[in-house]
Amino acid sequence: MALSHAIMTALLEDTMSGYELAKAFDVSLGLFWRASHQQIYQELHKLAAKGWLQQETVPQAGKPNKIVYALTPVGHVALEAWVLGGSRVQEGKDDLFVKLYNLAEHNASHLAAEIEQRREQMMQRLYLYEKIRRRHYADPATLPVRRKGVYLALLAGIRQGEHTLSWCDEALALLATVDQRP
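Residues numbered from 1 in each chain as written. Predicted model: local features only at pLDDT ≥ 70, side-chain atom pairs only at ≥ 80, totals over all residues. Heavy atoms only, no water.

This part is about the overall build of the protein chain. The number of helices and strands found in the protein chain is seven helices and three strands. Along the chain direction, N to C, the helices and strands of the protein chain fall in the order α-β-α-α-β-β-α-α-α-α. Seen through its principal axes, the protein chain has C-alpha atoms that stretch 65 × 40 × 40 Å. Looking at charge distribution, the protein chain has the averaged site of its 21 positive side-chain charges lying 5 Å from that of its 20 negative ones. (Helix = DSSP H or I, 4+ residues; strand = E, 2+ residues; numbered from the N terminus. Lys, Arg positive; Asp, Glu negative; His and termini not counted. Charge placed at Lys NZ, Arg CZ, Asp CG, Glu CD.)

So this is what it looks like as structure tokens:
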């Protein structure tokens, strides 16, 4: 998936400025697709140049003008073509897993601390996911079709998070058995 598809998806239901889009990304699609605010702004300009987004300048009193973006009919067609195309999983790059190939007595406690930190981060993410699920997706069967898709993506994130917690617990238990003499 290109960042362009994630941005166009975010603009399906509402127009947004680059700032609003970047903030929305942080708490929705950004949970599954990482992008810096700078990357989002650059991609907005590219999509507008292709004719997939339309820009509207909105004057603001005492502030710089705001540029609001909306998906164009051509953008809808491009997004639909992407949705109907094949999907692929991008394999992750994870330093921690490479570090684990270098596990030794002298670094076991450090690696255990990294795993503990990852566990804590995942707990925080799962807390957020559950909060979103309870607030917006309490009864998935009654959701409109598009919201069911969002719910399914959220559910996948929850299940992956639960799996990560389970792995962290197993890894920490195993690392506790490593003799850590200097």
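In this section: the environment of K23. Note on placement: K23 falls in helix α2 (residues 18-27). On the accessibility criterion, K23 (41% relative accessible area) is partly exposed. Between the C-alpha atom of K23 and that of V178, which follows or precedes it by 155 residues, the distance is 43 Å. (Buried < 20%, exposed > 50% of the residue type's maximum accessible area, 1.4 Å probe, protein only.)

Turning next to the pattern of salt bridges. Under the counting rule described, the total for this entry stands at eight salt bridges. The shortest N-O distance in the salt bridge between R118 and D94 comes to 2.6 Å. Residue R118 is found in helix α6 (residues 108-136), and its partner D94 is found in the loop between α4 (73-84) and α5 (95-100); the two are separated by 24 residues along the sequence. Relative accessible area serves as the criterion here: at 24%, R118 is assigned to the partly exposed category. (Salt bridge = Lys/Arg side-chain N within 4 Å of Asp/Glu carboxyl O.)

Looking now at the UniProt feature "domain: Transcription regulator PadR C-terminal" (unreviewed entry) in the protein chain. Here, UniProt's "domain: Transcription regulator PadR C-terminal" (unreviewed entry) annotation points to residues 93-175. Annotation note: span residues 93-175, helix share 80%, strand share 0%, distance between end C-alpha atoms 22 Å. (UniProt positions renumbered as here; feature names shortened; annotations may be inferred.)

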